[in-house]
Amino acid sequence: MDENQAYFDHMSKELPSRKPESEKGSGKGLFLAGMITGIAGALLVVAICIFGIGVQESLEARGNAGSSVRLNEGSAIDAELINKLQSLENTIHQYFYLHEVSNEELQEGLYRGLLWALQDPYSEYYSAEELEEILQQTEGIYYGIGAYVTLDTATSLPKISGVIEGTPAQEAGLRTDDIIYEVEGVSTYGMSVTEAVGLIKGPENSQVTLTIVRMGETDYLEFTLTRRKVEAPTVKLTMLEDDIAYIELTEFDEVSIDQFADALATARGSGMKGLILDLRGNPGGSVNAVVEMCRMILPEGMIVYTENKEGKRTEYTCDGKRKLEVPMTVLVDGNSASASEIMAGAIKDYGIGTLVGTTTFGKGIVQQILSFMDGSAVKITISSYFTPKGNNIHGIGIEPDIECPFDGEAYYGSEDHPDNQLEKAREVLLEMMK
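About the criteria used
- Residues numbered from 1 in each chain as written.
- Predicted model: local features only at pLDDT ≥ 70, side-chain atom pairs only at ≥ 80, totals over all residues.
- Heavy atoms only, no water.
- Axes fitted to C-alpha atoms, helices over the stretch in contact; angles between N-to-C directions.
- Helix = DSSP H or I, 4+ residues; strand = E, 2+ residues; numbered from the N terminus.
- Parallel < 35°, antiparallel > 145°, perpendicular 65-115°, else oblique.
- Left-handed = near helix turned anticlockwise from the far one by under 90°.
- Contact = heavy atoms within 4.5 Å.
- Nonpolar A, V, L, I, M, F, W, Y, C, P; charged D, E, K, R; others polar.
- Polar contact = N/O pair within 3.5 Å; in protein donor to acceptor, adjacent residues only side chain to side chain.
- Salt bridge = Lys/Arg side-chain N within 4 Å of Asp/Glu carboxyl O.
- Buried < 20%, exposed > 50% of the residue type's maximum accessible area, 1.4 Å probe, protein only.
- Disulfide = S-S within 2.5 Å.
- Pairing = 2+ DSSP bridges.
- Phe/Tyr/Trp six-rings, centres within 6.5 Å; stacked < 30°, edge-to-face > 60°.

Now for the packing of helix H8 (residues 254-269) against helix H9 (residues 287-294). Across the interface, H8 lies against H9 with an axial gap of 8 Å and an inter-helix angle of 15 degrees. It follows that H8 is roughly parallel to H9 by the angle criterion. As H8 runs across H9, the sense of the crossing is right-handed. Packed against H8, whose contacting residues are Glu254, Ser256, Ile257 and Phe260, the element H9 presents Asn288, Ala289, Glu292 and Met293 at the interface. Looking at side-chain class alone, the contact of H8 with H9 contains 4 nonpolar, 2 polar and 2 charged residues.

Here's what the structure looks like:
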């Protein structure tokens, strides 16, 4: 998401650097007090929050392990660097005391460090095993605790952006916007979402303990959950009173396309006279999924366009043949990101729906996964995207037409879980339906 400073300007407090294992857990009280003072999401582990995730075919030029090394003029990798790396390796092998380090571990550290130097929280290195897990996520089946996880940019810590019904996360009482401070006593500060997810995931029926920072609480909370298989439909339809269809979109995966088409068809067949589309807590997903789903509701015209570093523009359009014919309200919040903002931005630009809730996350850049011949890959930021009217919402977000903050105290304080934002969206929609 970065054009970096714009993304991190709203950091409320500088956090300490990650502590070594021997010090983990120390200083918690000071950190928690500072966060609460300064600041007042399987595991469905969705580490994506990506618009345009795609895997490009492996290219020989991008990683033939058998090819000879050739130093390119002007490259950061030169003879001096290689000599220094050799010296560093010798120093580690000669002096490092805590445990043995393999050559493979050192090599992987170099790869990850190179991507870390970009200072972009969305560009990172994946091992072959990590890439396989990322690709499996698009199939809608996960192993973990049943929570969506994204990056909280104000603290550089992972947070829960959504909890799936009937999963260990919901049963344990985890909530949206809970900050994941530690996993099994290991600090998550400065980790990428993928790294944090790697700590939380594990064998089915095994246990994991999360240390949580929750707004309004004066101390850390600990939750011990048993991991299990989570099957997460990304689209859920409920028919409400007054012939209102309520569709929740939790992600934009490939499986979401058919699920969304089925939900719309069922809603129309049930006499839908108005639609509430819920994008709250939706971290994003694939460009293909969001574009195909937008084509099911938008009028003819632009859906979104991207521009890369050379200024090359790629456009995604809609023929308008399946334009939604009933009034619509769209629920959004600070965890609606990336592909969610593509859909919300297009709906707002065309004026075919009213946005209700709070300002969206503000992720206006695109990542792509590029694979190498050894099975590893990098996810790297490749372009910015723009709404139909040419707006780039990176670091800004999309403001709702009707501001309505979520009343968490009422929701979590009652067994009925009253959702004031949903009620507001329904109220607005009823007026539009008159």
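Turning to the side chain of threonine 209, a few remarks are in order. In this structure, threonine 209 sits in strand S8 (residues 207-213). At 2.9 Å, the side chain of threonine 209 forms a polar contact with the side chain of threonine 224. Aside from chain neighbours lying at most four places away, what touches threonine 209 is Glu182, Val183, Glu184, Glu222, Phe223 and Thr224.

Turning our attention to the pattern of salt bridges. Enumeration according to the criterion identifies 17 salt bridges in this entry. Its salt-bridge partner being glutamate 108, residue arginine 112 comes within 2.8 Å of it at the nearest N-O pair. Taken together, the residues span about one helical turn, with arginine 112 and glutamate 108 both in helix H4 (residues 103-116) at a distance of 4 residues. A residue is classified by how much of its surface remains accessible, and arginine 112, at 22% relative accessible area, is partly exposed. Of the charged contacts, one joins lysine 159 and aspartate 152 as a salt bridge, the two residues approaching to 3.9 Å between their closest N and O atoms. Both residues of the pair, lysine 159 and aspartate 152, belong to the buried class. What emerges from the salt-bridge pattern is a single network uniting Glu108, Arg112 and Glu130.

Now for the state of the cysteines. Counted by the stated rule, this structure contains 0 disulfides. Note on cysteine 294: no disulfide assigned, nearest cysteine sulfur contributed by cysteine 318 at a separation of 8.0 Å. With a relative accessible area of 0%, cysteine 294 lands in the buried category.

This next bit is on the pairing of strand S6 (residues 179-183). Counted residue by residue, S6 has 5 buried out of 5 residues, so it is predominantly covered. Two elements, S6 and S8, share 4 bridges in a ladder whose sense is antiparallel. Paired with valine 183 across the bridge in S8 is leucine 210. Where S6 hands over to strand S7 (residues 186-187), the hairpin turn is made up of 2 residues, of which glutamate 184 adopts a positive phi near 55 degrees.

To continue, consider the packing of aromatic side chains. Evaluated as defined, the whole model comprises 5 aromatic pairs. Here the aromatic rings of phenylalanine 406 and tyrosine 411 are separated by 5.4 Å at their centres, their planes lie at 55 degrees, and the arrangement is tilted. Residue classification places phenylalanine 406 among the partly exposed residues on the basis of a relative accessible area of 36%. Judged by centre distance (5.0 Å) and plane angle (85 degrees), the rings of tyrosine 411 and tyrosine 412 are edge-to-face. A residue is classified by how much of its surface remains accessible, and tyrosine 411, at 25% relative accessible area, is partly exposed.

Phi is positive for aspartate 243, which is not a glycine, with a value near 60 degrees. Mapped onto the elements of the fold, aspartate 243 is located in the loop between strand S11 (235-240) and strand S12 (244-249). Positive phi, normally seen in glycine, also occurs at serine 338, with a value near 60 degrees. Take serine 338: it is sitting in the loop between strand S16 (328-332) and helix H10 (339-350).

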